[in-house]
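# Tertiary structure, described
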Amino acid sequence: MNAGRDSLRHPRADEFLWSAGIEDTFITAPGGPLNRILDEYELIDHYRRCESDLDLMRGLGVRTARYGIPWYRLNPAPGRWDWEWVDRPIEHMLEIGIRPILELVHYGVPSWIEGAFLNPDFASHLAEYAARLAERYRGRVTAFTPLNEPRITAWYSGRLGWWPPYGRSQRQFARILVAIVSAIADATRALRSDAPDAVIVHCDGADLYGSDDPSLADRVRHSQELVFLPLDLLFGRVGPRHSLWDWLTAMGVAPQEIERLGESPQPPDVVGLNAYPMFSSKVYERSGDRIRLRNRVAPRGVIEQGTRLHWERFGKPMMITETAGRGSVRRRLEWLEQSVREVRGLRAEGIPLIGYTWWPMISHIAWAYRQGRKDAGAYVEHMGLWDLEPEADYARKPTALVDAYRALVTGGASAVGSVAAQSG
């Protein structure tokens, strides 16, 4: 995988990367009496079961996996690094022939970084972390995601106030978003310096905005432009003529912060989209004097539309880095069939959509656990190929999706077809 042509950076039209992942949200900083630690690996017992969970992954036949690092455990204090647990799953993946796309941050950072993403040294901390990973696994691990879902991270941390640094305004959202993207750029630069063969896989939510109310058209356009903003910044495309320049500066983002990104762009090698039928289609509507945003269940089109929009705008190889249905096994199977059908259609159009990740492979604990009072088992969210059984020590229970996904993986590119003609 690491020698010669890299299938992530230079995909062939007749190959496809089936992938899997394990939910890896790590929100560990305190935030009030009801804000419990949300460490998905701990809650689903992955720390103890990591080898057996990865063996389940191998049993699917996948040779690529998105895999998150618990930064707060690896780097529990400034200058202190503990590789014992991190080495364990990575070495096992390499041993069983699975190529990890290592994810450095999935929403949370170590609590010693005061102010989280607004800490003035956050970018340098992330870059140091990236350099350490690149050095330790040089030549063996070559694919990285510096930070998952920068826009969504900024929204929960800066606008909703759920996660550190608990901002609750548009200004905080804008400031955190630009700070996060700046840190991604610095981490990308460090990875490319310390691991010249590094492949950077960007992952963010592929949200689609709409409204049946023509008077809300400007709001819809603004929200849709925000979806593209992290990549626009990484590509160095945000200047005074950009549609969000005036908004960013009005929100208190210093022009020089934006200009710095334009002076040394760090675009990713692969644009990854996280798309879900229950989350990714959003609708603005009026309710009395208020404007409400709600999720619209969209059983079709979110992958197709999101991928097409990003391909037309950025022209990079693309990957579905997260998708899953939620609820009954039947409903999840229906989404698997529908989403793969959309991937097949996109590849037939000539769009280099190079891979697909069912996320999470194992059902997980919903984020509501952090603010809740019940035991973790009360918050199990069934989205996986395997279900969790809290009453049986969180045993992994295979569903019909396991065989269905294995059949797709076994089919390789033939399950989705070749890319008809690449252009752009």
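For the structure itself, look to the data block above.
What this report covers is the structure whose coordinates are included nearby. (Residues numbered from 1 in each chain as written. Predicted model: local features only at pLDDT ≥ 70, side-chain atom pairs only at ≥ 80, totals over all residues. Heavy atoms only, no water.)

Scanning the protein chain for helices and strands turns up 13 helices and 17 strands. For 424 residues, the compact-globule estimate of 2.2 N^0.38 gives 22 Å, and the protein chain sits close to it at 20 Å. The C-alpha extent of the protein chain, read off along each of the three principal axes, is 50 × 50 × 50 Å. Considering only contacts in the protein chain between residues 6 or more positions apart, those separated by 24 or more positions represent 75%. About 16700 Å² of surface is accessible on the protein chain, with carbon and sulfur atoms providing 48% of the total. For the protein chain, the distance from the average site of its 52 positive side-chain charges to the average site of its 54 negative ones is 3 Å. (Helix = DSSP H or I, 4+ residues; strand = E, 2+ residues; numbered from the N terminus. Rg over C-alpha atoms; globule rule 2.2 N^0.38 Å. Contact = heavy atoms within 4.5 Å. Areas by Shrake-Rupley, 256 points an atom, 1.4 Å probe, with all protein chains shown as cover. Lys, Arg positive; Asp, Glu negative; His and termini not counted. Charge placed at Lys NZ, Arg CZ, Asp CG, Glu CD.)

One pass over the structure, following the stated rule, counts 29 aromatic pairs. Centroid distance Phe173 to Trp247: 6.2 Å. Interplanar angle 55 degrees. Geometry classified as tilted. Residue Phe173 is found in helix H7 (residues 170-194), and its partner Trp247 is found in helix H9 (residues 245-250); the two are separated by 74 residues along the sequence. For Phe173, a relative accessible area of 1% corresponds to the buried category. Ring pairs connect the aromatic residues Trp71, Trp81, Trp83, Phe117, Phe122, Tyr129 and Tyr137, which therefore count as one cluster. (Phe/Tyr/Trp six-rings, centres within 6.5 Å; stacked < 30°, edge-to-face > 60°. Buried < 20%, exposed > 50% of the residue type's maximum accessible area, 1.4 Å probe, protein only.)

We now examine the pairing of strand S7 (residues 199-205). Across the 7 residues of S7, 7 count as buried, placing the element largely inside the fold. Burial along S7 is two-sided: the face carrying Val199, Val201, Cys203 and Gly205 and the face carrying Ile200, His202 and Asp204 are both buried. Judged from the 2 bridges that link them, strand S6 (residues 143-145) and S7 form a sheet pairing that is parallel. Across the sheet, the residue bridging to Ala143 is Val199, located in S7. Note: S7 against strand S9 (residues 270-274), 5 bridges, orientation parallel. Each bridged residue has a counterpart across the sheet, and for His202 the counterpart in S9 is Val271. (Pairing = 2+ DSSP bridges.)

Moving on: the nonpolar core. Among the nonpolar cores identified, the biggest contains 132 residues, and Trp18, Tyr129, Tyr356, Ile365 and Tyr405 are the most heavily contacted of them. Ranked by residue count, the leading element in this core is H7, at 13 residues. Among all residues touching Tyr356, those that are not within four sequence positions of it are Phe16, Leu17, Trp18, Ser19, Met319, Ile320, Thr323, Leu336, Ser339, Val340, Val343 and Tyr405. (Core = buried A, V, L, I, M, F, W, Y, C linked by side-chain atoms within 4.5 Å.)

Moving on to the pattern of salt bridges. Per the counting criterion, the structure on display carries 31 salt bridges. Here Asp45 makes a salt bridge to Arg48, at a shortest N to O gap of 2.6 Å. Residue classification places Asp45 among the buried residues on the basis of a relative accessible area of 17%. Taking relative accessible area as the criterion, Arg48 reaches 51% and is therefore assigned exposed. Here Arg330 makes a salt bridge to Glu334, at a shortest N to O gap of 2.8 Å. (Salt bridge = Lys/Arg side-chain N within 4 Å of Asp/Glu carboxyl O.)

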